[in-house]
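Understanding the architecture of this molecule
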Amino acid sequence: MAELLTLSEAITELVHDGDSVALEGFTHLIPFAAGHELIRRRLTDLELIRMTPDIVYDQLIGVGAARKLVFSYGGNPGVGSLHRFRDAIENSWPRPVEIEEHSHAGMANRYQAGASDLPFGLLRGYRGTDLADHTQVAFIDCPFTGETLAAVPALRPDVAVIHAQEADRAGNVQLWGIPGVQKEAVLAAKRTLATVERIVDELEPRAGGVVIPSWVLDAVALAPGGSRPSYSLDVTERDNPFYKQWDVISRDRASFSTWIDEHVHAAVRA
Amino acid sequence: MSAATAEETQTVVAARRLERARSVFIGVGRPSTAAILARLVHNPDLVLVYESGTIGAKPFHIPLSIGDGELAKTADLVVSVPEMFNYWIGAGRVEVAFLGAAQVDRFANLNSTVIGDYDHPTTRLPGAGGAPEIAAGCSEVVVIAPHNARTLVERLDFVTTVGYGDGPGSRERLGFRGGGPSALITDLGVLEPDPRTCELTLTATLEGVAVEEVVAKTGWDLKVSERLATVEPPREDELSALRELLAR
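Everything in this summary refers to the structure shown in the same document. One numbering rule holds for all chains: residues counted from 1, following each sequence as written. All chains are assigned letters beginning with A, and all ligands numbers beginning with 1, in the order in which they are written. The model is predicted, so local features are restricted to residues of pLDDT at least 70 and side-chain atom pairs to those at 80 or more, both for listing and for counting; the totals for chains, interfaces and linings are taken over all residues.

As a further point, take the pairing of strand 13 (residues 191-200) of chain A. All names here are of chain A. By definition, two strands form a pair when at least two bridges between them are found by DSSP. Starting at the N terminus, helices and strands are each numbered in turn, a helix being any DSSP run of H or I of at least four residues and a strand any DSSP run of E of at least two. As judged from the nine bridges shared by strand 11 (residues 159-168) and strand 13, these two strands associate in the parallel manner. Paired with His163 across the two strands is Thr195, which belongs to strand 13. Bridging between strand 13 and strand 15 (residues 219-222) involves four bridges; their strand directions are parallel. If you follow Thr195 over to strand 15, its bridge partner there is Ala221.

Below you can see the structure in the form of structure tokens.
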């Protein structure tokens, strides 16, 4: 059963330096508050897993929290580059980051295999691309039809963190809107945390709602606004102007570091 | 109304490709603008599919990201990422795909991964995203890119997404089920694959654009179709709808 903890308690209890950590949320419901708590822990040796690193991993990479990054699309959606991600790969600043990249279809099937406790995911993909020579993929023949298919190893993160609109007092969680790959990430991970906008007496069924029962979660933490500048459908709006501002803030190492000091380290959370 | 810019014409030309399409898979930027324009002007029943999982989205505004709230709110259905790639894209249920890229070669293969060497890139680009499987699985791919010799190159620094591979027969050998790229739409004209060689060939130029300019701005030895056409300039209804959309 999930314990109701503060965000600070939950991160301390669940995440240890050296862990592989997946903060999922596909454009929507990105767990920024949890990402900022990880920055405040000043961890330096994480393997960060996420389909779309987005601003949240740009920030973690920029402070040097990541030893390795596993991903499939490292851009600022609709804006352009993630400058801290680029600086780390192009110039090893502030430290070299090992990368393992896939396509979205590959990552989705890796999570699904992890959630299913299968050793690998299966798809039509990677063939003919240069990515096949630079990542973990193998080609196998279908035992029934002989078709050649791509096998990608299951993802089993040490920790998965997601953000959702609400939880009840027993720690059952519900999210709705774009569901991304969060259910798969939670079921694939060894330890799991959901941050939520609010805690309610009873979950109300929602159209397209995804319910994650308390008994597959380790912790639930209240974090209102915890997905900003991403959003939580029906609760907060995506802060598109901030995604554009980030292009300016993050372009320069000094202005990035100042922003982190002022907006992450100086921000006190109970 | 002032005359259309080359970029506006490019968007209008891309939108016309969707006049009879049932569904289109789109990323953000000009492809998304073109597809929304197609719904407004040509094809109100066109199903817009964004990789965030929103199928049948009907955005009033051009979204900044593929996961903006308006897409989820207006979609016919919203699915998870594994479902999107396995049931809808992998299974070939989406008809047309609009893709962009940093580099395109003569066989419409695309690079969106790195400029330079993979391990020591001069420019690290975002990476594959959904493009490789989208290009393999959708029935038809339309590539939209700016026309210059840095983008239309002789040789890609990295093959992120396969168009026609190294020419005729490549897609069949790789087991791809979709038909492959049907056009590269640029701000100078339209390039289409030669049915025999699969090589992108100049089939139309924008009004006032000289063939020599297009050839000079193409990184490979560009072949020109014997039936070279001039792109019909944006009609007033197309252009006013585009400008109204961009101003929303």
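Throughout, a residue-residue contact means that the two C-beta atoms, derived from backbone geometry, are no farther apart than 7 Å. Across the boundary between the two partners, chain A contributes 48 residues, which contact 38 residues of chain B. Taken together, the elements giving at least two residues each to the side of chain A that touches chain B come down to helix 4 (83-91), helix 5 (104-115), helix 6 (182-188) and helix 7 (240-249) of chain A. With six residues, the top contributor of residues to the side of chain A that touches chain B is helix 5 of chain A. Its residues placed into classes, the side of chain A that touches chain B shows 18 nonpolar, 19 polar and 11 charged. Residues were grouped as follows: Ala, Val, Leu, Ile, Met, Phe, Trp, Tyr, Cys and Pro as nonpolar; Asp, Glu, Lys and Arg as charged; and all remaining residues, including Gly, as polar.

The α-helix winds at 3.6 residues per turn, so residues separated by three or four positions along the chain end up facing the same way. Residues and elements named next belong to chain A. Think of it as a crowd count around each C-beta: if 20 or more other C-beta atoms lie within 10 Å the residue is buried, if 12 or fewer it is exposed, and in between it is partly exposed, with C-beta placed from the backbone throughout. Buried residues dominate helix 4, accounting for seven of its nine residues. His83, Arg84, Phe85, Arg86, Asp87, Ala88 and Ile89 are the residues of helix 4 that are buried. The positive-phi residue at the C-terminal boundary of helix 4 is Ser92, with phi of around 55°.

This part covers the sheet that holds strand 4 (residues 77-78) of chain B. Residue and element names in this part refer to chain B. One open sheet holds the 10 strands; their spatial order is 4-3-2-1-5-10-11-12-13-14, and the pairing between them is mixed. Looking along the sheet, the strands with just one partner apiece sit at the ends: strand 4 and strand 14 (223-230). Two elements, strand 5 (residues 96-99) and strand 10 (residues 140-144), share four bridges in a ladder whose sense is parallel. Opposite Val96, over in strand 10, you have Glu140 as the bridge partner.

This next bit is on the sheet that holds strand 9 (residues 138-141) of chain A. Residue and element names in this part refer to chain A. Pairing is antiparallel in the open sheet, where three strands are placed in the order 8-10-9. Each edge of the sheet is formed by a strand with only one pairing partner; in this case those strands are strand 8 (120-123) and strand 9. Between one strand axis and the next, the sheet turns through 40° on average, direction left out of account. Where strand 9 meets strand 10 (residues 148-153), four bridges bridge the pair, whose relative direction is antiparallel. Paired with Phe139 across the two strands is Ala150, which belongs to strand 10. Sitting on the sheet, helix 5 touches strand 8 and strand 10, and the angle it makes with strand 8 is about 140°. The axes are straight lines fitted to the C-alpha atoms, using for helices just the contacting stretch, and the angles between their N-to-C directions are given from 0 to 180°.

This next bit is on the pairing of strand 12 (residues 189-193) of chain B. For a regular strand, side chains alternate in direction, first toward one face of the sheet and then toward the other. All names here are of chain B. Burial within strand 12 is extensive, with four of its five residues counted as buried. The sheet contact formed by strand 11 (residues 181-185) and strand 12 spans two bridges and is antiparallel. Paired with Leu184 across the two strands is Leu191, which belongs to strand 12. In sequence, strand 11 turns back onto strand 12 through a hairpin of three residues. As paired elements, strand 12 and strand 13 (residues 200-205) share five bridges and run antiparallel to each other. In the sheet register, Pro193 faces strand 13, and the bridge partner there is Leu200. Count of turn residues in the strand 12/strand 13 antiparallel hairpin: six residues, of which Cys198 carries a positive phi of about 70°.

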